[in-house]
Amino acid sequence: MLQLPDWPAWASRTFLVLAAITGTVAIGERVSAKNSGKEDEDKPSGERLKEFRAFQRQYLTVYTIIMGADWLQGTNMYTLYQSYDVDISALFITGFTSSAIFGTIVGMYVDIWGRKLGCIVYLVIEVIVNLFEHVNNFPLLLLGRVMGGVSTSLLFSAFETWMVSEHRKRGFPEGWLADTFGTASFINGMSAIVAGICAQLAADRLGEIGPFQAAIALTVLALFFVVFWEENYGSSDEEGKKKEGEKESSTNAGVAFKAIMSDRKIFLTGLVNSLFEGAMYSFVFMWVPTMLGALNGRPLPTGLVFSSFMTCMSLGGLLFSPQLLLGIMSAEQLAVGVFLVGAAALAVPVFSSGLIPVLLSFIVFETCVGLFFPCLGLLRSKVIPDAIQGSVMNIFRVPLNILVVVGTKLTDIYPPVPKAFRRSRLLPWRSQS
């Protein structure tokens with residue numbers, strides 16, 4: 001007989017309620033779009049549709065696996081490091097800094113050495129990093145975080161550029177790229193939710209290292225698919241543009257800095273983007289210890305709670321649509337609302353340590369995060385010229401990095417988890433019930 005997981009009732013009910021709400025909103029939005037005749041406007045069609053769908057499946061199969069593996073690693077990282085009794089903030093800061101540094105140069109080398117090779121290198125690094133997580137050795141864990149920064153940069157450059165280049169090489173219409181990107185975005189959201197549940201099941205059976213072992217298995221599986229991909233490189237035209245871009249990079253940076261200083265809208269858009277993302281990345285580090293403190297020694301099902309938060313992000317993305325919030329207010333008004341509500345939500349744990357207030361505030365904040373990404377993307381496209389948008393946002397990564405480092409290091413001054421409860425999550429719930 002199938003035995004249901006023995007998870008805390010509050011966590012199970014929270015996830016089920018949020019999933020039901022998000023599913024209802026998604027169905028309602030789909031019906032509204034269908035009735036308005038917009039649903040099928042941009043769907044691919046024609047003689048080459050079958051060939052395109054086969055190519056799309058080839059890419060999206062790997063994308064689904066790698067994103068699932070990536071999300072699996074995030075659910076129990078804090079509690080794993082906590083069980084090792086190491087400097088958790090130093091490890092998180094190292095990973096974030098490594099990603100920020102290597103993110104600026106990895107893309108260039110991927111184009112030169114080959115996108116398929118970049119994908120394979122990513123998968124190999126991920127296996128090594130997750131093997132390092134099995135060892136309670138701080139220098140090795142630190143090296144793993146540095147390598148993790150490199151792999152993160154590869155994840156968000158190699159796979160997408162391979163798909164785009166292969167799409168064009170095969171001669172598919174440019175407009176069909178939107179279908180692949182849209183499907184990938186939906187898969188990413190679903191992968192995060194499912195990964196949280198799977199991580200919880202793995203942790204229940206294998207301990208805190210369980211999700212990392214599952215991630216290794218998925219990464220190796222993805223490797224078997226990627227080796228059959230065709231290699232592609234930056235085209236000669238792309239390389240010419242790249243060389244041109246390298247010559248003009250310092251000029252673009254100067255133009256971007258001048259635009260920031262002279263245009264109040266560009267300055268404010270970049271600033272609010274950095275401030276909110278700084279709060280978001282700090283939240284990624286802080287939510288687990290804050291929840292542990294609120295639970296006063298009771299077990300925290302990190303994977304299940306993570307799935308609830310990812311459901312909230314999906315809900316926020318759904319709410320940002322012409323049929324819903326964007327239909328009744330402008331993007332600027334919506335952004336102000338997101339910032340105010342998000343700030344109020346994060347203020348709750350400052351004044352209350354109860355489980356229900358803290359959990360509800362985190363649910364509200366994650367919904368705001370889901371609204372933030374499309375909202376700020378729209379505002380950036382309206383305010384910052386395309387020619388300098390990348391340079392402007394790179395400049396604003398400086399205050400973003402500072403905010404994350406300061407926010408993370410503050411936990412060394414004021415630990416959010418009482419010492420008596422710091423190891424409580426390591427006990428199986430069945431032994432505490």
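Just so we're clear, the structure is a prediction, and the values are computed from it rather than from any experiment.

Each helix and strand in the protein was counted, giving 18 helices and zero strands. Expressed as a percentage of its 433 residues, the buried residues of the protein come to 44%. Here the analysis covers contacts within the protein between residues at least 6 apart in sequence; of these, 86% occur between residues at least 24 apart. About 21,400 Å² of surface is accessible on the protein, with carbon and sulfur atoms providing 66% of the total.

Relative to the assigned elements, threonine 22 resides in helix α1 (residues 9–36). Judged by relative accessible area, which is 10%, threonine 22 ranks as buried. A distance of 2.9 Å separates the side chain of threonine 22 from the backbone oxygen of leucine 18, its partner in a polar contact. The contacts of threonine 22, once residues within four sequence positions are left out, are Thr311, Ser314, Leu315 and Leu318.

This part is about the packing of aromatic side chains. Following the criterion strictly, the structure yields 25 aromatic pairs and no others. The interplanar angle of 85 degrees and the centroid separation of 6.4 Å between the aromatic rings of tyrosine 81 and phenylalanine 92 together place this pair among those described as edge-to-face. In this pair, tyrosine 81 is assigned in helix α3 (residues 77–84) and phenylalanine 92 in helix α4 (residues 88–102), connecting sequence segments eleven residues apart. Measuring from centroid to centroid gives 6.3 Å for phenylalanine 159 and tryptophan 229, while their planes differ by 80 degrees, and the two rings are edge-to-face. Of the two residues, phenylalanine 159 sits in helix α8 (residues 158–169) while tryptophan 229 sits in the loop between α10 (210–226) and α11 (236–262), which places them 70 residues apart along the sequence. Each of the two residues, phenylalanine 159 as well as tryptophan 229, counts as buried. Through a chain of ring-to-ring contacts, the aromatic side chains of Phe52, Phe55, Tyr59, Tyr63, Tyr122, Phe159, Trp162, Phe172, Trp176 and Trp229 assemble into a single cluster.

Look at helix α2 (residues 49–75) against α10: their axes get within 8 Å of each other, and the N-to-C directions meet at 160 degrees. With respect to α10, the element α2 is oriented roughly antiparallel. Where α2 crosses over α10, the two elements pack in a sense that is left-handed. Across the interface between the two elements, Thr61, Val62, Ile65, Ile66, Gly68, Ala69, Leu72, Gln73 and Thr75 of α2 pack against Pro211, Phe212, Ala214, Ala215, Leu218, Thr219, Leu221, Ala222, Phe225 and Val226 of α10. Residues belonging to the contact of α2 with α10 are distributed by class as follows: 14 nonpolar, five polar and no charged.

Within the largest apolar cluster, 54 residues are counted, with the highest numbers of intra-cluster contacts made by Trp10, Tyr81, Trp287, Met291, Leu300 and Phe309. Mapped by element, the contributors of at least two residues to this core are α1, α3, α4, α9 (177–206), α12 (264–295), α13 (302–319), α14 (331–351) and α15 (355–383). Considering every element that reaches this core, the biggest residue donor is α15, with 13 residues. Formed by 34 residues, the second largest nonpolar core is a distinct cluster that contains Tyr63, Met67, Trp176 and Trp229.

It is worth spelling out the pattern of salt bridges at this point. As enumerated under the stated definition, the model contains eight salt bridges in all. Here glutamate 133 ties to arginine 145 by a salt bridge, and the two come within 3.1 Å at their closest N and O atoms. Of this pair, glutamate 133 sits in the loop between α6 (115–132) and α7 (138–155) while arginine 145 is found in helix α7, placing the two residues twelve residues apart along the sequence. Look at arginine 145 and you get buried, because its relative accessible area is 10%. Among the charged side chains, a network of salt bridges with common partners joins Glu166, Lys169, Arg170 and Glu230.

Reading the values: rules and limits
Per chain, residues are indexed from 1 in the order of the written sequence. Totals for whole chains, interfaces and linings use every residue, but because this is a predicted model, local features are given only for residues with pLDDT of at least 70 and side-chain atom pairs only at 80 or more, for both listing and counting. Water and hydrogen atoms were dropped before computing side-chain values, which therefore reflect all heavy atoms in the structure. Under the DSSP-based scheme used, a helix requires at least four consecutive residues in state H or I and a strand at least two consecutive residues in state E, with every element numbered from the N terminus. Each residue's exposure class comes from its accessible area (1.4 Å probe, protein chains only) as a fraction of the maximum for that residue type: buried when under 20%, exposed when over 50%, partly exposed otherwise. Whether two residues are in contact is decided by their heavy atoms: any pair within 4.5 Å suffices. The accessible surface values rely on the Shrake-Rupley method and a 1.4 Å probe; as for residues, cover is taken only from the protein chains in view. Any pair of nitrogen or oxygen atoms within 3.5 Å is treated as a polar contact; in protein, a donor-acceptor pairing is required on top of that, and neighbouring residues in sequence qualify only through side-chain atoms on both sides. By convention, a stacked pair of Phe, Tyr or Trp rings (six-membered ring in the case of Trp) has centres within 6.5 Å and planes under 30 degrees apart, an edge-to-face pair has planes over 60 apart, and any other such pair is tilted. Convention adopted: a line fitted to C-alpha atoms gives each axis, helices being fitted over their contacting stretch, and angles between N-to-C directions are expressed from 0 to 180 degrees. Orientation labels follow simple angle bins: below 35 degrees gives roughly parallel, above 145 gives roughly antiparallel, 65 to 115 gives roughly perpendicular, and whatever is left gives oblique. Take the far helix as your reference; a near helix turned counterclockwise from it by less than a right angle gives a left-handed crossing, and one turned clockwise gives a right-handed crossing. Put simply, Ala, Val, Leu, Ile, Met, Phe, Trp, Tyr, Cys and Pro go in the nonpolar bin, Asp, Glu, Lys and Arg in the charged bin, and everything else, Gly too, in the polar bin. Here the nonpolar core consists of buried residues drawn from Ala, Val, Leu, Ile, Met, Phe, Trp, Tyr and Cys, with membership extended through side-chain atoms lying within 4.5 Å. One side-chain nitrogen of Lys or Arg within 4 Å of one carboxyl oxygen of Asp or Glu is enough to make a salt bridge.

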